[in-house]
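Descriptive analysis of the structure
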Amino acid sequence: MLEVGRHGVQATVTDVSAQHRNLAEFTTLRLGGPARNLTVCRTTEELIATVTGADRAGEPILLIGGGSNLVIGDDGFPGTAVLVATDGIEFGADETGPHVTAAAGVNWDRLVAETVENGFGGLECLSGIPGAAGTTPVQNVGAYGVEVAQALRGVQLLDRRTGEIAWHAPEDLGLAYRTSRLKGRDDEVVLAVSFRLGDGGRSAPIRYRELAAALGVAEGESADAALVRAQVLKLRRGKGMVLDDADHDTWSAGSFFTNPIVAAGELPQILDRIRARLGDEVRIPQFPADGGTKLSAGWLIERAGFVKGFPGPQAPARLSTKHTLALTNRGAARTADLIELAARVRDGVRAEFGVSLHPEPVFVGCALPA
Ligand SMILES: Cc1cc2nc3c(=O)[nH]c(=O)nc-3n(C[C@H](O)[C@H](O)[C@H](O)COP(=O)(O)OP(=O)(O)OC[C@H]3O[C@@H](n4cnc5c(N)ncnc54)[C@H](O)[C@@H]3O)c2cc1C
């Protein structure tokens, strides 16, 4: 029996026959129609052979790690879904210090846990993020003031255009806020990832106010990495951001919209409009960011009238009851329901405050209407 239970979906695949081609089994939203074929790659060699073989045959492929950042259409995928289930974690050290290297399919949170258990710091703030280690550079995952870009040492890629396999430095990957040159494209396959670590069991500096307060440290100080991991998991659970089969608030793709970055020229007008709607006294969360000022998508959604649980208990797709930024499947939703809800929220925020929200997940065989 072959178990592919890394996704939170806990699908158990005994074979890859027709009944397992339903991609809803492999996404954390539990949404998505069938693939024409489905194949599971457990070794890097299998992954390379599967991808190059499909390319030679002209067969479209869809790479799936943990399926936690994928919105797949109800009609599914007209090609082969490739489940990346490769395994292997290796610790090492060089003149710059300790590091860890993992096969692309290693569960991300297992990798974080192993680094902490082995007395290394650096990744603990990223505890509890679902999905595979190899997918973390794709959208430069981040949480609690840390992004993988800060610890990334290199990414091993298979270039489907040339067949070349090579390690790439982080600065060559176009890593930025929730994106990289790998996002939304499929011409390069991540085979392995490597991260720099700190030793002595200390965390990276804590840069997130809520986390620093919970740990009782000043912002910028480090703490015991195991304590930080435990605290991050606790905070994330309270927001429905740790996968839990029994909790529909976690049947999501995490944050559905990125925090909007507003250019300096547009900011005064947008802030005036928010104040005109909500009153001059309102405290508008805003943070300096590359290219402008980052506003909080969750705050804007809530202030535009989309409260937790919107549109109500009968709807098959709803905002999480714990976090307005997560769109969730309550069990019977179709992708079309989720997209309708996403468009309603996006359009409502635009109409209310003049701010455009952009989705964070990758869409396959479906799209938000313009
Ligand atoms: C409850 C919840 C909480 C979340 N919290 C966070 C958070 O705090 N911060 C954050 O940044 N994200 C968060 N996410 C989003 C998601 O977990 C991350 O983006 C994660 O890195 C996606 O990994 P995955 O393996 O599940 O990717 P998948 O959804 O399987 O794939 C995402 C994209 O990468 C492609 N891909 C998959 N494998 C490969 C590969 N080997 N090579 C190249 N491309 C590949 C896919 O084709 C797809 O385009 C959350 C999601 C959920 C459900």
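Residues numbered from 1 in each chain as written. Predicted model: local features only at pLDDT ≥ 70, side-chain atom pairs only at ≥ 80, totals over all residues. Heavy atoms only, no water.

Side note on the domain arrangement of the chain
This is how it is decided: Boundaries between domains were set according to an automatic or database domain assignment. Summed over both partners, the accessible area lost on bringing two parts together, with a 1.4 Å probe, is the buried area. Throughout this description, the term salt bridge denotes a Lys or Arg side-chain nitrogen within 4 Å of a carboxyl oxygen of Asp or Glu. The definition of a polar contact used here is a pair of N or O atoms within 3.5 Å, where within protein one atom must be able to donate a hydrogen and the other to accept one, and adjacent residues in sequence count solely through side-chain atom pairs.
The domains assigned to the chain are domain 1 (2-84), domain 2 (89-238) and domain 3 (248-364). Once you take the C-alpha centre of each, domain 1 and domain 3 turn out to be 30 Å apart. Between domain 1 and domain 3, a total of about 1400 Å² is buried, with carbon and sulfur atoms accounting for 56% of that surface. Where domain 1 packs against domain 3, one counts 1 salt bridge. Put simply, Arg334 and Asp74 hold a salt bridge, and the shortest N to O gap is 3.7 Å. Here domain 1 is connected to domain 3 by 10 residue pairs in polar contact (both at pLDDT 80 or more).

Describing helix H5 (residues 267-278)
Threshold: Strands here mean DSSP runs of E at least two residues long; helices mean DSSP runs of H or I at least four residues long; both are numbered from the N terminus. The span you would expect from a helix comes to 1.5 Å times its residue count less one. Note on classification: 1.4 Å probe, protein chains only; a residue is buried when its accessible area is under 20% of the maximum for its type, exposed when over 50%, partly exposed between these limits. In this description, one arc is meant: the one made by directions from the helix axis to the C-beta atoms. Any two residues whose heavy atoms approach within 4.5 Å are treated as being in contact.
Taking 1.5 Å of rise per residue, 12 residues should cover 16 Å, and H5 covers 16 Å from first to last C-alpha, within 8% of that figure. Restricting attention to buried positions, one finds in H5 the residues Leu267, Ile270, Leu271 and Ile274. Around the axis of H5, the buried residues are gathered within 100° of arc, so they sit on the same side. Among the exposed residues of H5, those oriented more than 90 degrees off its buried face are Gln269 and Ala276. Next to the buried residues of H5 lie strand E14 (261-262), strand E15 (286-289), strand E16 (292-295), helix H6 (297-303) and helix H7 (335-353).

Topic: the site of the ligand
In plain terms, the rule: Nearness here has a simple test: a residue counts as near a molecule or strand if at least one of its heavy atoms is within 4 Å of that partner. Gly falls in the polar group here, along with every residue not listed as nonpolar (Ala, Val, Leu, Ile, Met, Phe, Trp, Tyr, Cys, Pro) or charged (Asp, Glu, Lys, Arg).
Leu63, Gly65, Gly66, Ser68 and Gly142 are the nearest of the 31 residues found near the ligand. Gly65 is positioned such that a nitrogen or oxygen atom in its backbone is 2.7 Å from an oxygen atom of the ligand. In this structure, a nitrogen atom belonging to the ligand sits 2.8 Å away from a side-chain N or O atom of Arg236. Residues belonging to the shell around the ligand are distributed by class as follows: 15 nonpolar, 12 polar and 4 charged.

A closer look at the sheet that holds strand E7 (residues 89-94)
Heads up, the rule is: DSSP-based pairing: two strands are paired if at least 2 bridges between them are found. Only the stretch in contact is used when fitting a helix axis, every axis being a line fitted to C-alpha atoms; angles between N-to-C directions are given from 0 to 180 degrees.
The strand order across the open sheet formed by 5 strands is E7-E8-E13-E11-E12, and the pairing between neighbours is antiparallel. Across the chains shown, the open sheet's two edge strands, defined by having one partner strand only, are E7 and strand E12 (165-168). Averaged over neighbouring strand pairs, the angle between their axes works out to 25° when direction is ignored. Inspection of the sheet shows strand E11 (residues 152-159) paired to strand E13 (residues 188-196) by 7 bridges, in the antiparallel sense. Bridging from a neighbouring strand, Gln156 pairs with Ala192 of E13. Running at roughly 150° to E13, helix H1 (residues 44-57) makes contact with E11, E12 and E13 of the sheet. Here helix H2 (residues 108-117) sits on the sheet and contacts E7, strand E8 (97-103) and E13; the angle it forms with E7, its principal contact strand, is near 45°.

Considerations on the sheet that holds strand E4 (residues 61-64)
A sheet is described by the order of its strands in space; here 3 strands give the open sequence E3-E6-E4, paired in parallel fashion. Each having just a single partner strand, strand E3 (35-41) and E4 make up the two edges of the open sheet. Averaged over neighbouring strand pairs, the angle between their axes works out to 25° when direction is ignored. Strands E3, E4 and strand E6 (77-84) of the sheet are contacted by H1, whose axis makes an angle of about 150° with E3.

Looking at the pairing of E12
With burial as the criterion, only one face of E12 is covered, namely that bearing Ala166 and His168; the residues Ile165 and Trp167 on the opposite face remain uncovered. Both E11 and E12 contribute to a ladder of 4 bridges, which runs antiparallel. Paired with Leu157 across the bridge in E12 is Ala166. Between E11 and E12, which pair antiparallel one after the other, the connecting turn spans 5 residues, and Gly163 there sits at a positive phi close to 80°.

What about the nonpolar core?
Definition in use: Nonpolar core, defined: a set of buried Ala, Val, Leu, Ile, Met, Phe, Trp, Tyr and Cys residues in which side-chain atoms within 4.5 Å join the residues together.
By size, the foremost hydrophobic cluster in this structure holds 48 residues, and its most contacted members are Leu47, Trp108, Leu111, Phe195 and Leu211. At 5 residues, E13 tops the list of elements feeding residues into this core. Excluding anything up to four places from it in sequence, Phe195 contacts Pro98, His99, Val100, Trp108, Leu111, Leu123, Thr136, Val148, Ala151, Leu152 and Arg153. Membership of the second largest hydrophobic core comes to 37 residues, among which are Val71, Phe256, Phe257 and Leu271.

A closer look at the packing of H2 against helix H4 (residues 225-238)
What describes two packed helices is the angle between their axes and the distance between those same axes. The condition that has to hold: An angle counts as roughly parallel when it lies under 35 degrees, as roughly antiparallel when it exceeds 145, as roughly perpendicular when it falls between 65 and 115, and as oblique in every other case. Helix crossings get a hand from a simple test, with the near helix turned counterclockwise from the far one by less than a right angle marking a left-handed crossing and a clockwise turn marking a right-handed one.
The N-to-C vectors of H2 and H4 enclose an angle of 150°; their axes lie 9 Å apart at closest approach. Taken together, the axes of H2 and H4 are roughly antiparallel relative to one another. In this structure, H2 meets H4 at a crossing whose hand is left-handed. Residue-level contacts link Asp109, Val112, Ala113 and Val116 of H2 to Ala225, Ala226 and Arg229 of H4.

Here we look at unusual backbone geometry
A cis amide bond links Phe310 to the next residue, Pro311, at an omega of 5°. Relative to the elements of secondary structure, Pro311 occurs in the loop between H6 and strand E17 (317-319). Even without being a glycine, Arg178 presents a positive backbone phi close to 50°. Tracing the backbone shows Arg178 in the loop between E12 and E13.

Comments concerning the side chain of Arg229
By the element assignment, Arg229 lies in helix H4. Judged by relative accessible area, which is 14%, Arg229 ranks as buried. Among the polar contacts made by the side chain of Arg229, one reaches the side chain of Asp109 at a distance of 2.8 Å. The contacts of Arg229, once residues within four sequence positions are left out, are Asp109, Val112, Ala113, Val116, Glu124, Ser127 and Gly128.

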